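One-letter residues, chain by chain:
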2 protein chains.
Amino acid sequence: MQTGPHIAQIAALVGDPARANVLSALMGGRALTASELAYHAGVTPQTASSHLGKLAEAGLLAQDRQGRHRYYRLASPLVGRMLESIMAVAETGPSRYRPHWKGGEALRTARTCYDHLAGRLAVDIADALIARGHVVLAADGGEVTAAGMAHLTGLGIDLGAAKRGRAFCRPCLDWSERRPHLAGAVGAALCVRAFERGWVERVKDSRAVAVTQEGKRGLSDAFGVVPQT
Amino acid sequence: MQTGPHIAQIAALVGDPARANVLSALMGGRALTASELAYHAGVTPQTASSHLGKLAEAGLLAQDRQGRHRYYRLASPLVGRMLESIMAVAETGPSRYRPHWKGGEALRTARTCYDHLAGRLAVDIADALIARGHVVLAADGGEVTAAGMAHLTGLGIDLGAAKRGRAFCRPCLDWSERRPHLAGAVGAALCVRAFERGWVERVKDSRAVAVTQEGKRGLSDAFGVVPQT
DNA sequence: CGATCGCTTCGGGCGCGGTCGAAGCGATTT
DNA sequence: AAATCGCTTCGACCGCGCCCGAAGCGATCG
């Protein structure tokens, strides 16, 4: 059996706390500079540089030079999916050491998960869409109904790229809620639209997102979801 | 950002070559004894025992004592999914060191992937089902059509547990073919049935499976698939 | 053009963890 | 009851790789 060593190479890269923090930070979906990532990782810039080099060389990260800054981002959605799945396992394990941490509540409430929304907000949206018969979600896949397509299109969410009405609709296990939320192309489009409309905005130095005043109205109108504080 | 350390814990476990080999071996879907796993990992029984203890404590493995043997297996499908996703990343990376290894050809031809079939055989089956309009597969999800349900049911594949006709149908990126094959409940049921009918049988000490003579006939009749040697 | 900034490279220190030999423990066999 | 077997625990060794200080390099700015 030879796939072992291959997956070990990748997993070992993710297995270092500093690098894992880097990857977690990049799960926010934005490209970040080396310094920012060093801060998130809690190490000095030189150490971070070493880690970033390894991650990039292995093809987990892509880099864009821009002036004297160097922006790093996840190299592909595949990497995001991998991190999601590792998180899912990490959160379902036995009562690991899991202290209450400041800012954790904000993350649990609403955050981005690579390219879509996650947290209580996202789970509530998914529940609402399911309850209204706009989306069908099961453990391994999902689909958007005709009524759902109409509704989402009405919200300005373009699903043209998603083929033949069944759309790229995928459940993603929410690590904080332990229930599925909407991922895939539908989740991503919904996330983009929510930012466009100013319903949510990013919280500094975090993957967390905050629901704005318009957001409360908009989400209530669109999905009947009333975000908790 | 605090999810970093959590995923690092899990990833670090997978990141050791010996442990990765253990997990790879268990991706075959069967429970294996500690000694067998030690052999697969290429370490002594004491070392393997240490690794197995850590994996079990972290909730990645489950153990069943049976007499003086102790059988280990993946603790949940979630773990299998995680390993799949890591493999997918590992195989799409840059030209990693990837020598030709004996037995590799057999694995590329057909193997089990935790609970479903993978390799050229599985990709061919998926292609055939898609071409016949029995299954629709996209990057993030899939569904079984009415005609597909009828066809699979006719083969004795029970999809009763899969709800409302859309079934748990999921694509799984095949690391050797780099194209999707059928996973999820449908893939698992199909795999079970293939073993029941004697179409395929396990190869000793490997995740590879061999297509039997009946298998060639059966697969040809059922899907129009002619397995290469 | 010198100063500053962002990032990387180099070098050395140090700790964590994988490894195996030896011994212990419980189940099974004769 | 003694011998064997499968597996785990203990103890010690040792090497990999994470880490940071110092220096180098390229871009930007005054």
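The rules behind these values
Residues numbered from 1 in each chain as written. Chains lettered and ligands numbered in written order. Predicted model: local features only at pLDDT ≥ 70, side-chain atom pairs only at ≥ 80, totals over all residues. Heavy atoms only, no water. Helix = DSSP H or I, 4+ residues; strand = E, 2+ residues; numbered from the N terminus. Buried < 20%, exposed > 50% of the residue type's maximum accessible area, 1.4 Å probe, protein only. Contact = heavy atoms within 4.5 Å. Near = heavy atom within 4 Å. Polar contact = N/O pair within 3.5 Å; in protein donor to acceptor, adjacent residues only side chain to side chain. Nonpolar A, V, L, I, M, F, W, Y, C, P; charged D, E, K, R; others polar. Axes fitted to C-alpha atoms, helices over the stretch in contact; angles between N-to-C directions. Parallel < 35°, antiparallel > 145°, perpendicular 65-115°, else oblique. Left-handed = near helix turned anticlockwise from the far one by under 90°. Expected span 1.5 Å × (residues − 1). Pairing = 2+ DSSP bridges. Core = buried A, V, L, I, M, F, W, Y, C linked by side-chain atoms within 4.5 Å.

## What about the side chain of Thr 33 of chain A?
Residues and elements named next belong to chain A.
And step 1. Within the secondary structure layout, Thr 33 lies in strand β1 (residues 32-33).
And step 2. Under the relative-accessibility criterion, Thr 33 is labelled buried at 7%.
And step 3. Discounting residues that sit within four places of it in the chain, Thr 33 has contacts with His 69, Arg 70 and Tyr 71.

## Remarks on the protein's contact with DNA strand D
And step 1. With respect to spatial proximity, 21 residues lie near DNA strand D, and among them Gln 46, His 51 and Lys 54 of chain A together with Ser 35 and Tyr 72 of chain B are the closest.
And step 2. Here the atoms of DNA strand D within 4 Å of the protein split so that 69% fall in sugar or phosphate, with bases taking the remainder.
And step 3. Taking Arg 70 of chain B, its main chain carries an N or O atom lying 3.4 Å from a phosphate oxygen of DNA strand D.
And step 4. Residue assignment for the surface near DNA strand D shows that the elements contributing at least two residues are α2 (17-26) and α4 (45-57) of chain A together with α3 (34-41), α4 (45-57) and β3 (69-74) of chain B.
And step 5. Here the surface near DNA strand D takes four residues from α4 of chain A, the largest share from any one element.
And step 6. The class makeup of the residues in the surface near DNA strand D is five nonpolar, ten polar and six charged.

## Overview of the protein's contact with DNA strand C
And step 1. Around DNA strand C there are 21 residues in total, and Ser 35 and Tyr 72 of chain A together with Gln 46, His 51 and Lys 54 of chain B lie nearest to it.
And step 2. Here DNA strand C approaches the protein such that, of its atoms within 4 Å, sugar and phosphate make up 68%.
And step 3. A distance of 3.4 Å separates a base oxygen of DNA strand C from a polar atom in the side chain of Arg 68 of chain A.
And step 4. In this structure, Lys 54 of chain B approaches DNA strand C through a side-chain N or O atom, which is 2.6 Å from a phosphate oxygen.
And step 5. Breaking the surface near DNA strand C down by element, the ones donating at least two residues are α3 (34-41), α4 and β3 (69-74) of chain A together with α2 (17-26) and α4 of chain B.

## Some details on the packing of helix α5 (residues 77-92) of chain A against helix α5 (residues 77-92) of chain B
And step 1. One can describe the packing of α5 of chain A onto α5 of chain B by two numbers: an axis separation of 9 Å at closest approach and a directional angle of 155°. It follows that α5 of chain A is roughly antiparallel to α5 of chain B by the angle criterion. In this structure, the crossing between α5 of chain A and α5 of chain B has a hand that is left-handed. Across the interface between the two elements, Leu 78, Val 79, Arg 81, Met 82, Ser 85, Ile 86, Ala 88, Val 89 and Thr 92 of chain A from α5 of chain A touch Leu 78, Val 79, Arg 81, Met 82, Ser 85, Ile 86, Ala 88, Val 89 and Thr 92 of chain B from α5 of chain B.
And step 2. Taken together, the residues that form the contact of α5 of chain A with α5 of chain B break down as twelve nonpolar, four polar and two charged.

## Structural notes on helix α9 (residues 184-196) of chain B
All names here are of chain B.
And step 1. Given a rise of 1.5 Å per residue, 13 residues ought to cover 18 Å, and the 18 Å separating the end C-alpha atoms of α9 matches this to within 8%.
And step 2. Inspection of α9 places Gly 184, Val 186, Gly 187, Ala 188, Ala 189, Leu 190, Cys 191 and Ala 194 among the buried residues, and these make up the whole buried set.
And step 3. Of the residues flanking the end of α9, it is Gly 198, one or two places downstream, whose phi is positive at about 75°.

## Some words on the environment of His 51 of chain B
Residue and element names in this part refer to chain B.
And step 1. As for its position among the elements, His 51 is in helix α4.
And step 2. Judged by its relative accessible area of 12%, His 51 is buried.
And step 3. Separated by ten residues in sequence, His 51 and Ala 41 have C-alpha atoms that sit 9.9 Å apart.
And step 4. In this view, His 51 contacts Asp 16, Ala 18 and Arg 19; residues no more than four positions away in its chain are not counted.

## Some remarks on the sheet that holds β3 of chain B
All names here are of chain B.
And step 1. Taken together, the three strands give an open sheet; going across it, the order is β1-β3-β2, and neighbouring strands pair in antiparallel fashion. Edge positions in the open sheet fall to β1 (32-33) and β2 (61-66), since each of these has one partner strand only.
And step 2. Strands in contact with α2 are β1, β2 and β3; relative to β3, the strand with the most contacts, it is inclined by about 85°.

## Points about the pairing of strand β8 (residues 170-173) of chain B
Residue and element names in this part refer to chain B.
And step 1. When β8 meets strand β9 (residues 180-183), the two strands line up antiparallel, connected through four bridges. By the bridge assignment for β9, Leu 173 is matched with Pro 180.
And step 2. Joining the antiparallel neighbours β8 and β9 is a turn of six residues, in which Arg 178 adopts a positive phi near 60°.

## Some thoughts on the sheet that holds strand β2 (residues 61-66) of chain A
In any sheet, the strands associate via hydrogen bonds between backbone groups, in a parallel or an antiparallel arrangement.
And step 1. With antiparallel pairing, three strands are arranged side by side in an open sheet as β1-β3-β2 (chain A). Since the sheet does not close on itself, it has two edges, and those belong to β1 and β2 of chain A, each with one partner.

## Points about the nonpolar core
A general feature of soluble globular proteins is that nonpolar side chains tend to end up buried together.
And step 1. Leu 60 and Met 82 of chain A together with Leu 60 and Met 82 of chain B are the most contacted members of the largest nonpolar core, which totals 73 residues.
And step 2. In contact with Met 82 of chain B, not counting residues within four places along its chain, are Ser 85, Ile 86 and Val 89 of chain A together with Ile 10, Val 14 and Leu 60 of chain B.

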